[in-house]
Amino acid sequence: MDSSLHNMLSLNGKRTLLTGAFGGLGNGIIRLFTKHDQHITATTRRPEDEVPKHENVEVARVDLNNDAEVLEFVKNVDPFDNVILCHGIVGLRVIPMITPDYAQHITKTNFLSKTNLISQLVKRKKILAPGRVVNVSSVSAHYGSKNVSMYASSHAATETFMRSLAKSFLKKDVTVNSIAVNAIWTPLFEGLPDDNPIFDAPLGHGEVGDVANAAYFLCQTGSEYITGETLFLTGGQAVFDD
């Protein structure tokens, strides 16, 4: 590879904050980014014995739903080149069964915890320039879903927040984008057959590496002209869905 192209595509030596780091998608991002000599600060609530060991990964035990813990974490951490928001919960519940407590829990985890973390990082100048913010979202934010309406709504709200953040960062050399995914194969789907309706996209289910590659692309130096956008990883669903 031409050296100038390699430098443009490389993330070597940069620092990334990754939330939801040890779920299926987060683990895929860690594997790809550390392969390219990224230094990752990975947030988790998991006990130490449930956290996989990776080189160049610093584990930060912080509950992102706890505002005081988030404030303390941000105050004491070094600035980041990249921030990747990959945490969240699904929560299957039909609309008649939605309660205020349930709605608050989904909204706090999938939306408010992200806005609070970003707000604190921006306030304390913990996102470097040039910098990248990448939010892992869901295609349900755009099409809705009868069984995960609160989940879909929380991701839609977060994507709107990210577009507003992108506007605030214009001319400041920090880009902000989302990745909207449909069914990505993780241990959550272990045991389901490939013909399960959840994998009904024309190209079937996606792989964790598809999300990691998309996040890597959006964090590269060569992606600085992309901001305020949503990259769809739907296996053709967005084009062919009836």
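Nothing here was measured: the structure is a model prediction, and the numbers come from that model. (Residues numbered from 1 in each chain as written. Predicted model: local features only at pLDDT ≥ 70, side-chain atom pairs only at ≥ 80, totals over all residues. Heavy atoms only, no water.)

**Quick word on the confidence of the model for the chain**
On average, residues of the chain carry a pLDDT of 87, and 87% of them reach 70 or more. Under a pLDDT of 50 for its full length, residues 1–9 has, in the predicted model, nine contacts with residues more than four places off or in other chains. (pLDDT = per-residue confidence, 0-100. Contact = heavy atoms within 4.5 Å.)

**Topic: helix α6 (residues 149–169)**
Between its first and last C-alpha atoms α6 spans 30 Å; for 21 residues at 1.5 Å apiece the expected length is 30 Å, and the two agree. Listed in full, the buried residues belonging to α6 are Ser149, Met150, Tyr151, Ala152, Ser154, His155, Thr158, Glu159, Met162, Leu165, Ala166 and Phe169. Of the surrounding secondary structure, the elements contacted by the buried residues of α6 are β4 (80–85), α4 (100–123), β5 (127–138), α5 (140–143), β6 (174–181) and β9 (230–233). Two residues or fewer after α6 comes Lys171, characterised by a positive phi angle close to 75°. (Helix = DSSP H or I, 4+ residues; strand = E, 2+ residues; numbered from the N terminus. Expected span 1.5 Å × (residues − 1). Buried < 20%, exposed > 50% of the residue type's maximum accessible area, 1.4 Å probe, protein only.)

**Digging into the nonpolar core**
One finds Leu18, Ile29, Phe33, Ile84 and Ile179 to be the most contacted residues of the largest nonpolar core, which totals 28 residues. Sorting the residues of this core by element identifies α2 (24–35), β2 (39–44), β5, β6 and α7 (208–219) as the ones contributing at least two each. Here this core gets eight residues from one element, more than from any other, and that element is α7. Leave out the neighbours within four places in its chain, and Leu18 touches Gly26, Ile29, Ile30, Ile40, Thr41, Ala42, Thr43, Ile84 and Cys86. Ala60, Val70, Leu85 and Met162 belong to the second largest nonpolar core, which has 22 residues in total. (Core = buried A, V, L, I, M, F, W, Y, C linked by side-chain atoms within 4.5 Å.)

**Considering the packing of aromatic side chains**
Evaluated as defined, the whole model comprises one aromatic pair. Here Phe33 and Tyr216 contribute two aromatic rings whose centre-to-centre distance is 5.6 Å and whose plane-to-plane angle is 90°, an arrangement assigned as edge-to-face. Of this pair, Phe33 sits in helix α2 while Tyr216 sits in helix α7, and the two are 183 residues apart along the sequence. It is Arg93 that lies over the ring of Tyr102; its NZ or CZ is 4.1 Å from the centre. (Phe/Tyr/Trp six-rings, centres within 6.5 Å; stacked < 30°, edge-to-face > 60°. Lys NZ or Arg CZ within 6 Å of the ring centre and 35° of its normal.)

**Looking at the pattern of salt bridges**
Counted according to the given criterion, the structure contains four salt bridges. A salt bridge links Asp67 to Lys108, with the nearest nitrogen and oxygen atoms 3.1 Å apart. Of this pair, Asp67 sits in helix α3 (residues 67–76) while Lys108 sits in helix α4, placing them 41 residues apart in sequence. Owing to a relative accessible area of 22%, Lys108 belongs among the partly exposed residues under this scheme. (Salt bridge = Lys/Arg side-chain N within 4 Å of Asp/Glu carboxyl O.)

**Structural notes on the pairing of strand β1 (residues 15–18)**
Inspection of the sheet shows β1 paired to β2 by four bridges, in the parallel sense. The partner of Arg15 across the bridge, within β2, is His39. In this region the chain leaves β1, passes through α2 and returns to the parallel neighbour β2; the handedness of that crossover is right-handed. Sheet analysis places β1 next to β4, joined by three bridges and oriented parallel. Among the inter-strand pairings, Leu17 is bridged to a residue of β4, identified as Val83. (Pairing = 2+ DSSP bridges. Right-handed = clockwise from strand over helix to strand, strands pointing away.)

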